[in-house]
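Here are the chains, one letter per residue:
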Number of protein chains: 2
Amino acid sequence: MASKKQSPSETVGARIRALRLAANMTQDEFAEKLNVSRSAIAQWETDRAGQIRENMEKIAKILNTSLGYLVSGETGSLQGDELALMRLYRACSAEDRKMLLLTARRLARS
Amino acid sequence: MASKKQSPSETVGARIRALRLAANMTQDEFAEKLNVSRSAIAQWETDRAGQIRENMEKIAKILNTSLGYLVSGETGSLQGDELALMRLYRACSAEDRKMLLLTARRLARS
DNA sequence: GGCGTAATGTTAGTGATACTAACTATATAT
DNA sequence: ATATATAGTTAGTATCACTAACATTACGCC
């Protein structure tokens, strides 16, 4: 085997930790992005405390994942960059969406 | 027009109510399935109170939907333009994918 | 009208807990 | 050994998701 298999994270905390590390963030940096204390992060990742919904949503956005994955580990259709792109697209105006599609077509062609 | 257009539900409570009604349940029946008081349901649907995660998961299961939809109205399945964009993105090189994400971020920000 | 009843809305109060702050622990480097 | 960076632990508190009880609305029936 050339690559180490990622053990699938079993708990909410483990999933948060795995994704945070994959994004190369310290608990401190993560805490700042979320506007919570660092100790909250530590408690989440050790499953000592849960998260209020608002923070769950922020976590999902920042770590480019879905609530479903965070909460129950279900790997939905989109994850990571693909999910990020989709969310950005949805945040765009109709006009900007056209721009994006156009750009995508140009890039994909080459 | 043969069918009335469903207005997209704007709040968590509205989405829960819409799905419950679509499943032809009264608040009482719904409460029993969830093992919570009926008044909890009433409060959820009028956005007077939120839900603990355990109940959110039960709600999603019983109403056959996802946490993402309940919480933020996010629909997991792609259609039309979204699907097209996704296919184009996947057709891109790693480099071009970065470009596309960057473009999306710029557009979405404005 | 008046009465029953089915469905939902509202309010008060409380137990559970998601947080913050402060302290502790561990590892790495110089 | 000392400093620094990162993460774990604990105590205490403010918040809020619930239950129970009461209020309202809507409808049918006589």
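Everything numeric here is computed off the predicted structure, so don't read it as measured data.

Asker: What is the right way to look at the overall build of chain A in this model?
Answerer: Regarding its fold elements, chain A presents seven helices and zero strands. Along chain A, from the amino end to the carboxyl end, the secondary structure elements read α-α-α-α-α-α-α. Counting only C-alpha atoms, chain A reaches 45 × 40 × 25 Å along its principal axes. Burial analysis of chain A (110 residues in total) assigns 41% to the buried set. Long-range pairs, those at least 24 residues apart, make up 41% of the contacts in chain A with a sequence separation of at least 6.

Asker: What am I meant to see in the protein's contact with DNA strand D here?
Answerer: Taken together, 20 residues surround DNA strand D, and among them Arg38 and Arg48 of chain A together with Ser37, Gly50 and Asn55 of chain B come closest. With respect to DNA strand D, the side chain of Arg20 of chain A contributes an N or O atom lying 3.4 Å from a phosphate oxygen. Between DNA strand D and the protein, one listed contact pairs a phosphate oxygen with a side-chain N or O atom of Asn55 of chain B at 2.4 Å. Of all elements in the fold, only α1 (12-22) and α3 (38-45) of chain A together with α3 (38-45) of chain B reach the threshold of two or more residues within the surface near DNA strand D. For the surface near DNA strand D, the per-class residue count stands at six nonpolar, ten polar and four charged.

Asker: Explain the protein's contact with DNA strand C here, please?
Answerer: Close contacts around DNA strand C come from 20 residues, with Ser37, Gly50 and Asn55 of chain A together with Arg38 and Arg48 of chain B the closest. Among all atoms of DNA strand C positioned within 4 Å of the protein, those belonging to sugar or phosphate total 55%. Within the side chain of Arg20 of chain B, an N or O atom sits 3.3 Å from a phosphate oxygen of DNA strand C. Among the secondary structure elements, those contributing two or more residues to the surface near DNA strand C are α3 of chain A together with α1 (12-22) and α3 of chain B.

Asker: Honestly, helix α6 (residues 80-91) of chain A in this entry has me stumped. Any pointers?
Answerer: Residue pairs three or four apart in sequence face the same way in an α-helix, which turns once every 3.6 residues. Here α6 of chain A contains twelve residues, and its C-alpha end-to-end distance of 17 Å stays within 8% of the 16 Å for a straight helix at 1.5 Å per residue. Those residues of α6 of chain A lying buried are Glu82, Leu83, Ala84, Leu85, Met86, Arg87, Leu88 and Tyr89 of chain A. Those residues of α6 of chain A hidden inside the fold are in contact with α4 (53-62) and α7 (94-109) of chain A together with α6 (81-91) and α7 (94-109) of chain B.

Asker: It is not clear to me how the side chain of Asn55 of chain B should be interpreted in this structure. Could you clarify?
Answerer: Residues and elements named next belong to chain B. Relative to the helices and strands, Asn55 resides in helix α4 (residues 53-62). Since its relative accessible area comes to 10%, Asn55 is described here as buried. Excluding its chain neighbours within four sequence positions, the residues that come into contact with Asn55 are Leu34, Val36 and Trp44.

Asker: Could you clarify how one ought to interpret α4 of chain A in this entry?
Answerer: Taken residue by residue, α4 of chain A has Asn55, Met56, Ile59 and Ala60 of chain A as its buried positions. Buried residues of α4 of chain A, seen end-on, are gathered within an arc of 140° and therefore sit on one face of the element.

Asker: Teacher, can you tell me more about the interface of chain B and chain A here?
Answerer: Note: interface size is frequently given as the accessible area lost on complex formation between the parts. Chain B puts 35 residues into the contact, and the matching count from chain A is 33 residues. Between chain B and chain A the total buried area reaches about 2,900 Å² when both faces are included, carbon and sulfur atoms providing 68% of it. In terms of surface lost to chain A, no three residues of chain B exceed Arg53, Leu85 and Leu107 of chain B, which account for 20% of the buried area on that side. For the interface between chain B and chain A, the tally reads three salt bridges. Put simply, Glu82 of chain A and Arg90 of chain B hold a salt bridge, and the shortest N to O gap is 2.9 Å. Here chain B and chain A share six residue pairs in polar contact (both at pLDDT 80 or more) between them. Those elements that place two or more of their residues in the side of chain B that touches chain A are α4, α5 (67-72), α6 and α7 of chain B. A breakdown of the residues in the side of chain B that touches chain A according to their chemical character gives 18 nonpolar, nine polar and eight charged.

How each quantity is defined
- Residues numbered from 1 in each chain as written.
- Chains lettered and ligands numbered in written order.
- Predicted model: local features only at pLDDT ≥ 70, side-chain atom pairs only at ≥ 80, totals over all residues.
- Heavy atoms only, no water.
- Helix = DSSP H or I, 4+ residues; strand = E, 2+ residues; numbered from the N terminus.
- Buried < 20%, exposed > 50% of the residue type's maximum accessible area, 1.4 Å probe, protein only.
- Contact = heavy atoms within 4.5 Å.
- Near = heavy atom within 4 Å.
- Polar contact = N/O pair within 3.5 Å; in protein donor to acceptor, adjacent residues only side chain to side chain.
- Nonpolar A, V, L, I, M, F, W, Y, C, P; charged D, E, K, R; others polar.
- Expected span 1.5 Å × (residues − 1).
- Arc of directions from axis to C-beta.
- Buried area = accessible area lost by both parts, 1.4 Å probe.
- Salt bridge = Lys/Arg side-chain N within 4 Å of Asp/Glu carboxyl O.

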